[in-house]
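In case you want the letters, here they are:
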Amino acid sequence: MTVVDDTTGVTPGTVRPLSVAVIGTGAIGQDLVSKAHRSDVLECALVVGRNPRSAGLRYAAGLGCPTSADGIDAILAAPEAFDVVFDATNAMAHAEHWRLLEPLGTLLIDMTPSKIGQMVVPTVTGPQVPTVRNVNLVSCGGQASVPIAHALADAFDVTYIEVVSTVASTIAGRATRLNLDEYVATTQDALTAFSGVRDTKAVLNISPAVPPAPFRTAVHAVVPGADAEAVRGVVDAAAERVRAVQPGYEAVACAVNGDRVTVSLEVMAASEVLPPYAGNLDIINSAAVMVAEQHAARLSAVAWTGAGR
């Protein structure tokens, strides 16, 4: 992935690579390592977990990334603070990680639904880089649904939004299952924050279907006086913006029945690590890498300005 100069004002090739660390060696952590490894402006400088025999640490080491089984202690013991740390653990652990990393000036990108940091959906907020040091990526369902909810509320008088996401049980790890309540609460808060609609609801289904079902999200909205053609145009435009970051994102159906609008979304993963049905992990990881790359561009722009260029 590269930083686009028309959104940052920085010419590609002039962005200073940032050192990044990843906490967590599950599927999310492994895919983050893969994406960071492919990035032009991110250097994976450390991957940490707790199990020295974990597949995630083996995968990172195979890419040439330094690894440690000492968890957050290894990050704190590094001779220099990392520019970016991705936290791919769980909401409870994130609170302690933030307490320890906050004094270091590191940008902490939170993959958990802890809601401690500023909620960000980069396909909605665009190139506006958060200036806070703790960025929360809401949830996989939030990254998929908020762009549609935001677009509908921006164009129409929406009075209610409900989002139902379904993920395959084989890709719903322990952290996801531990954080189901936090997932629901944080996704609902994000729907309200980005749409302005007070009455929202979020639901997460974990499907045991065999073969595993792709990641799907349904956005239900109450839109008085909804016009089917106008709604479809708004949905298609929003989906196209998301596809610029997540090519596997598709609005597979858009139905209007009276004042009831239903948008069915499907996200397929395009990853060296994840199976195609794990679009839930791919979309939130793509958002995380996008935020990190925007941060790199902002730091380079500040450095150039300070140098009088």
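Residues numbered from 1 in each chain as written. Predicted model: local features only at pLDDT ≥ 70, side-chain atom pairs only at ≥ 80, totals over all residues. Heavy atoms only, no water.

- With an unreviewed UniProt entry as reference, the protein chain is termed Acetaldehyde dehydrogenase, source organism Streptomyces longispororuber.
- UniProt, in its Sequence similarities (unreviewed entry) section for the protein chain, records the words "Belongs to the acetaldehyde dehydrogenase family." (UniProt positions renumbered as here; feature names shortened; annotations may be inferred.)

Side note on the overall build of the protein chain
Move 1: For the protein chain, the helix and strand inventory stands at 11 helices and 12 strands.
Move 2: Its C-alpha atoms give the protein chain principal-axis dimensions of roughly 60 × 50 × 30 Å.
Move 3: When each of the 309 residues of the protein chain is scored for burial, the buried share is 50%.
Move 4: In the protein chain, the share of contacts with a sequence separation of at least 24, taken over all contacts with a separation of at least 6, comes to 70%.
Move 5: Just so you have it, the protein chain exposes about 13,100 Å², and 52% of that area is on carbon and sulfur atoms.
Move 6: Measuring between centres, the 20 positive side-chain charges of the protein chain sit 5 Å from its 30 negative side-chain charges. (Helix = DSSP H or I, 4+ residues; strand = E, 2+ residues; numbered from the N terminus. Buried < 20%, exposed > 50% of the residue type's maximum accessible area, 1.4 Å probe, protein only. Contact = heavy atoms within 4.5 Å. Areas by Shrake-Rupley, 256 points an atom, 1.4 Å probe, with all protein chains shown as cover. Lys, Arg positive; Asp, Glu negative; His and termini not counted. Charge placed at Lys NZ, Arg CZ, Asp CG, Glu CD.)

Focus on the pattern of salt bridges
Move 1: Within this structure, the stated rule accounts for 9 salt bridges.
Move 2: Residues aspartate 236 and arginine 232 are paired through a salt bridge, measuring 2.8 Å at the closest nitrogen-oxygen approach. Taken together, the residues span about one helical turn, with aspartate 236 and arginine 232 both in helix 10 (residues 228-243) at a distance of 4 residues.
Move 3: Since its relative accessible area comes to 34%, aspartate 236 is described here as partly exposed.
Move 4: Relative accessible area serves as the criterion here: at 27%, arginine 232 is assigned to the partly exposed category.
Move 5: Linking glutamate 240 and arginine 243 is a salt bridge whose minimum nitrogen-to-oxygen distance equals 2.6 Å. Of this pair, glutamate 240 and arginine 243 both sit in helix 10, 3 residues apart, which is roughly one turn of the helix.
Move 6: Each of the salt bridges in this network shares a partner with another, and the network as a whole consists of Asp31, Lys35 and Asp282. (Salt bridge = Lys/Arg side-chain N within 4 Å of Asp/Glu carboxyl O.)

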